[in-house]
Amino acid sequence: MHPAIPHLIELQRVDHQIALLRAELDSFPKRIVEADAKLKGARAELAAVKETQTQGIAERKKLEFEVQQWKDRARKYRDQSGAVKTNESFKALQHEIANADAEVAKAEDRQLEVMMTSEDLDRRVRLAESRLKEAEQTVAAERKEIHAQGTEKKKQLEVVLAERERIIVPVPEDLRELYARIAKRHNGTAMAEARDGQCRGCGMRVLPHILQELRTETNEEVFRCESCGLILYTLEPIPVANPAGGSMNASSAASTNH
Ligand SMILES: [Zn+2]
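Residues numbered from 1 in each chain as written. Predicted model: local features only at pLDDT ≥ 70, side-chain atom pairs only at ≥ 80, totals over all residues. Heavy atoms only, no water.

This paragraph deals with unusual backbone geometry. Apart from glycine, the bulk of residues carry a negative phi angle, and the bulk of peptide bonds sit in the trans form. With a phi angle near 60 degrees, Asn187 is a residue other than glycine that sits in the positive phi range. Of note, Asn187 is situated in the loop between helix H3 (173-185) and strand E1 (191-195). Judged by relative accessible area, which is 77%, Asn187 ranks as exposed. (Helix = DSSP H or I, 4+ residues; strand = E, 2+ residues; numbered from the N terminus. Buried < 20%, exposed > 50% of the residue type's maximum accessible area, 1.4 Å probe, protein only.)

Structure follows, in C-alpha cells:
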C-alpha cells in the first residue's frame, strides 16, 4: 500500500475523535437550556399557585366586607323596626331583616369554603416552593457538571488537535487534499477498510488484484473504492492464491494479523 496510508488511517482515527468531541461540545448549550427549562417550569408552577392564593385572599376580604355589610344592614332594619308606625312597614322590615340574615349566612358559608380552599392552597404553595428549591439545586448541580464536562472535552479536543498536527506531517500535500475532499463528501470519513473482499465503507466487492496491491509494500498507488470513492486500505494478510482451486477465501491464519 501507499506509504502514507498508515498515517491516513491515524488521521481518520483522530478526525473521528475530533468530530465526536465537537458534537458533544455543540450539545452543551442545548443541555444547559434544557436544564434551565426545568427551573422555568418549577417557577411557573409556583407563580400559578401563588396567583390562585392571592385571588383567594382577595375573595376572603370581599366576603368579610359583604358579611359586615349585611350585618350592618340587618342591625339598621332592627333599629328601625322599633319606630315603625304601620303593621305593613313592620312586615316589610321583618322581610328585609330575614333577607339580610340569609345573605349573612350565605356569605359566611362561602367564607368557610374559601378558607378551606386557602388551606389547601397554602399547602400547594409550600409544595411548589420546595419543588422549586429542589429544581434550583438539581439544575445548579447539572450546570456545574455540564461546565466541568465542557472544560474536560475542550481539553481533550486540544490534545487530539495537537495529535492531528503531528500525524499529518508525513502526509504529502496532494494526499491531504484528496483525504479532505473525500472526508468532506462522506460525513468526515475518507478511509475504508477492505476486509473479507469487501469495502467496509459501502459493502461493495473489492477486486482481488486491488486487495493484493493494497498489501504490497512496494506499491505507491492509492486505491479508492469504485463504488463509494473512499480510500481503501487493508489490515488483512493477502490470501495465498491457490493456483488449483483459484479460491479467494482468506485462510483462518488471517486472524493473527493486527
Ligand atoms: Zn466502498
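Once you've had a look at it, read on.
Attention now goes to the nonpolar core. Formed by 37 residues in total, the largest nonpolar core has its most connected members in Leu8 and Leu232. Contributions of two or more residues to this core are made by helix H1 (5-81), helix H2 (87-168), H3, E1, helix H4 (208-215) and strand E3 (231-233). The element contributing the most residues to this core is H1, with nine residues. Of the residues that make up this core, three or more belong to each of domain 1 (5-168) and domain 2 (173-256). If near-sequence neighbours (up to four positions away) are discounted, Leu8 is found in contact with Val171, Leu175, Tyr179, Met191 and Ile231. Formed by eleven residues, the second largest nonpolar core is a distinct cluster that contains Ala42, Val125, Ala135 and Val139. (Core = buried A, V, L, I, M, F, W, Y, C linked by side-chain atoms within 4.5 Å. Domains from an automatic or database assignment. Contact = heavy atoms within 4.5 Å.)

Below, the discussion takes up the coordination of the zinc ion. Coordination angles at a metal have ideal targets, namely 109.5 degrees for four tetrahedral donors and 90 or 180 degrees for six octahedral donors. Around the zinc ion, the donor atoms from the protein are Cys199 (SG), Cys202 (SG), Cys225 (SG) and Cys228 (SG), and they sit 2.2 to 2.3 Å away. Here the zinc ion binds four donor atoms, and the angle range of 104 to 113 degrees at the metal identifies the geometry as tetrahedral. As a motif over one chain, the donors of the zinc ion read C-x2-C-x22-C-x2-C. You can see Cys199 sitting in strand E2 (residues 198-199) and its partner Cys228 sitting in the loop between H4 and E3, a full 29 residues away along the chain. Across this residue pair, the class does not change: Cys199 and Cys228 are buried. (Donors = N, O, S within 2.8 Å, 3.2 Å for Na, K, Ca; no water. Tetrahedral: all angles 85-135°; square planar, octahedral: opposite > 155°, others 65-115°.)

A few words now on the domain arrangement of the protein. Once the domains are mapped, the protein shows domain 1 (5-168) and domain 2 (173-256). Placing a centre on the C-alpha atoms of domain 1 and another on those of domain 2 gives a separation of 62 Å. Between domain 1 and domain 2, the contact holds nine residues from the first and ten residues from the second. When the buried area of domain 1 at its contact with domain 2 is split by residue, Ile5, Leu8 and Gln12 rank highest and sum to 55% of it. Taken together, domain 1 and domain 2 are joined by seven residue pairs in polar contact (both at pLDDT 80 or more). For the side of domain 1 that touches domain 2, the elements supplying multiple residues, two or more each, are H1 and H2. (Buried area = accessible area lost by both parts, 1.4 Å probe. Polar contact = N/O pair within 3.5 Å; in protein donor to acceptor, adjacent residues only side chain to side chain.)

Time to look at the packing of H1 against H2. Two elements in contact, H1 and H2, have axes separated by 5 Å at closest approach and are oriented at 165 degrees. In terms of their interaxial angle, H1 and H2 are classed as roughly antiparallel. The element H1 and its partner H2 pack so that their crossing is left-handed. Residues that form the contact of H1 with H2 fall into these classes: 37 nonpolar, 15 polar and 33 charged. (Axes fitted to C-alpha atoms, helices over the stretch in contact; angles between N-to-C directions. Parallel < 35°, antiparallel > 145°, perpendicular 65-115°, else oblique. Left-handed = near helix turned anticlockwise from the far one by under 90°. Nonpolar A, V, L, I, M, F, W, Y, C, P; charged D, E, K, R; others polar.)

What follows covers the pairing of E1. Counting buried positions over the five residues of E1 gives four, a clear majority of the element. Bridge count between E1 and E3: three bridges; the pairing is parallel. Bridging across to E3, Glu193 finds its partner in Tyr233. In terms of strand pairing, E1 meets E2 through two bridges, oriented antiparallel. If you follow Arg195 over to E2, its bridge partner there is Gln198. Counting the residues in the hairpin turn of E1 and E2 gives two residues, including Asp196, whose phi is positive at 50 degrees. (Pairing = 2+ DSSP bridges.)

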